[in-house]
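Remarks on the overall topology
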Amino acid sequence: MNWADKAVFYHIYPLGFCGAPMDNDFMSSPQERIQKVADWAGHIADDLGCDALYLGPIFESDHHGYDTADYRLIDRRLGTNQGFREVVERLHNKGIRVVLDGVFHHTGRHFGPFVDVLQKRWDSAYKDWFFLNFDGDNAFHDGLWYDCWEGHQELVKLNLGHPDVRRYLLDSAEGWIREFDIDGIRLDVAYCLEPSFMQELSARCRSVKSGFFLLGEVVHMNDNLKRLLDPDMLHSVTNYECYKGLYSSFNDQNLFEIAHSLERLFGNQPWCLFTGKHLYNFADNHDVSRFATALKCPDQMEAAYTLLYTMPGIPSVYYGSEWGIPGDKKDGDGVLRPCLELEAQKECSLTQHLKKLAEVKKNHPALWEGDYQKEFLTNKQFAFSRNAEGESLLIFINAEGREGSFQLNRRVKGTELLTGQEVELEGNFCLPAYGSAVVKVE
């Protein structure tokens, strides 16, 4: 078992969170904005009960961080290497592990070796680091063509088959562990990376730090991903299927959708895709509309997060969503990645609910190593169980704006973990409008 199996993650997009300029001029002096992340350590750990932090891109880049210019230098808009080392120390002192974004499929156009190619063309020692055609041209009129990520020519594809490229990236990742003492890496667009590269990365990182966590970004959940979730490759991947099912099931009053996904991914049939695996679950992130915007009925928020925290996998909260802040993807990335000030926010019932869920998650093995069993399902009510050796939990979700009834056809006695109340179920259980419950069965 990896430490992340028991963790509750908080996710920050640093450039937006810290109020950094959108564009990097590469001429200004470093500004220690990254210290703001450490200033939120108390909120992350104490107010929300999170014990892991996934930080979006922090290395020198052209614009948004996923267009890396230097893999070994903290972005000057965020600060310095020494400053970030202090941030990690402060987070570790609060019991928060740190996972960084690793953008290894492509670089920005200011990446040193690519700049050398533009200047020297055929004579560049780095010409084989990329996929080039000197007889073509591109949108920037460089007089050469190069492969890029999904048609975005500001993102230059790296040749991961080249030994010098691999060596540079693997050395960089090892350097992050040794210099900053990080605990994991999230691999951007892992679905585009060569498996052999991820195997080498895994071996290198785990040789330096035991238990190092590798998370892969994937979008489509299919059987091909099984080969990635291997002890010698990735520990987890992003669960976009349940992300979509989470809000649309509540919006459509059709809990069959999320129940189908949970069964398909984690059920006990031979055809289920990821039974026993720990996928990275989220309600929103830096690339999609905020959960408060995607979810049509705000009163369903707490029940939806109960489902997120208790389904198989590793739960994550995107910064600001603990207060239910809005943000629509159609309005641009800026509204999804705002600069927030902690003192301007107020504790609300949702933050209190998330803290309770984190406590339940971390204190009950059935939620980090238990199986998944559907117990009851209608369009608007859903119950399932998580069972591990010596512990059984029943989770009840009512997506309806009135009292919901659950028929279990068995007698259950236990403790509702979110309230501490003793409950006794005689085949039927009722929840108030938009309610949820986590019952530990005696």
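Described in the following lines is the structure provided in the data block. (Residues numbered from 1 in each chain as written. Predicted model: local features only at pLDDT ≥ 70, side-chain atom pairs only at ≥ 80, totals over all residues. Heavy atoms only, no water.)

What follows concerns the overall build of the chain. Check the secondary structure of the chain and you find 14 helices and 21 strands. Relative to the 2.2 N^0.38 estimate, which gives 22 Å for 442 residues, the radius of gyration of the chain is 23 Å and therefore close to what a compact globule would have. Counting over 442 residues, the chain shows a buried share of 57%. Restricting the contact set of the chain to residue pairs at least 6 apart, pairs at least 24 apart contribute 68%. When the accessible area of the chain is evaluated, it comes to approximately 17,500 Å², of which 47% is carbon and sulfur surface. Taking the 45 positively charged and 66 negatively charged side chains of the chain as two groups, their mean positions are separated by 2 Å. (Helix = DSSP H or I, 4+ residues; strand = E, 2+ residues; numbered from the N terminus. Rg over C-alpha atoms; globule rule 2.2 N^0.38 Å. Buried < 20%, exposed > 50% of the residue type's maximum accessible area, 1.4 Å probe, protein only. Contact = heavy atoms within 4.5 Å. Areas by Shrake-Rupley, 256 points an atom, 1.4 Å probe, with all protein chains shown as cover. Lys, Arg positive; Asp, Glu negative; His and termini not counted. Charge placed at Lys NZ, Arg CZ, Asp CG, Glu CD.)

Our next topic: the state of the cysteines. For the coordinates displayed, the defined rule picks out zero disulfides. Take C50: it sits in no disulfide, and the sulfur closest to it among the cysteines is that of C348, at 14 Å. Accessibility expressed as a relative area gives 2% for C50, which makes it buried. There is no disulfide at C148, and the cysteine sulfur nearest it, in C192, is 11 Å away. Among the residues examined, C148 registers a relative accessible area of 14% and is labelled buried. (Disulfide = S-S within 2.5 Å.)

A sheet is described by the order of its strands in space; here three strands give the open sequence 6-10-9, paired in antiparallel fashion. At either end of the open sheet lies a strand with only one pairing partner, and these are strand 6 (106–107) and strand 9 (148–149). As paired elements, strand 9 and strand 10 (residues 152–157) share two bridges and run antiparallel to each other. When the sheet's bridge partners are listed, W149 is paired in strand 10 with H152. (Pairing = 2+ DSSP bridges.)

Of the pairings in the sheet, the one linking strand 16 (residues 373–377) to strand 17 (residues 381–388) comprises four bridges and is antiparallel in character. Bridge pairing in strand 17 places F376 opposite A383. Connecting strand 16 to the next strand, strand 17, in antiparallel fashion are three residues.

We now examine the environment of L100. Inspection of the secondary structure puts L100 in strand 5 (residues 97–102). The class of L100 is buried, set by a relative accessible area of 0%. Residue contacts for L100: discarding those within four places in its chain leaves L55, I58, F59, F84, I182, G184, I185 and R186.

Further remarks concern the nonpolar core. Membership of the largest hydrophobic core comes to 135 residues, with the highest contact counts inside it found for F9, F84, F104 and F382. The greatest single-element share of this core, amounting to eight residues, is contributed by helix 6 (residues 163–180). (Core = buried A, V, L, I, M, F, W, Y, C linked by side-chain atoms within 4.5 Å.)

Before going further, it helps to spend a moment on the packing of aromatic side chains. For the coordinates displayed, the defined rule picks out 37 aromatic pairs. Ring plane angle 40 degrees and centroid distance 4.6 Å describe the contact between W122 and F134, whose orientation is recorded as tilted. One end of the pair, W122, is in the loop between helix 5 (112–120) and strand 7 (132–133); the other, F134, is in the loop between strand 7 and strand 8 (145–146), with 12 residues separating them in the sequence. F134 gets classed as buried once you look at its relative accessible area, which sits at 12%. An angle of 35 degrees between the planes, with centres 6.4 Å apart, marks the rings of Y280 and F282 as tilted. Exposure remark for F282: the relative accessible area of 3% places this residue in the buried category. If you follow K157 out to its NZ or CZ, it ends over the ring of F131, 5.1 Å from the centre. Sitting over the ring of Y319, R290 keeps its end group 5.2 Å from the ring centre. (Phe/Tyr/Trp six-rings, centres within 6.5 Å; stacked < 30°, edge-to-face > 60°. Lys NZ or Arg CZ within 6 Å of the ring centre and 35° of its normal.)

What follows concerns helix 6. Across its 18 residues, helix 6 extends 25 Å between first and last C-alpha, which sits within 8% of the 26 Å expected from 1.5 Å per residue. Turning to helix 6, its buried residues are V165, R166, Y168, L169, L170, S172, A173, E174, W176, I177 and F180. The secondary structure elements touched by the buried residues of helix 6 are strand 3 (59–61), strand 4 (68–74), helix 4 (81–93), strand 5, strand 11 (184–187) and helix 7 (195–208). Phi turns positive one or two residues past the end of helix 6, at D181, with a value near 65 degrees. (Expected span 1.5 Å × (residues − 1).)

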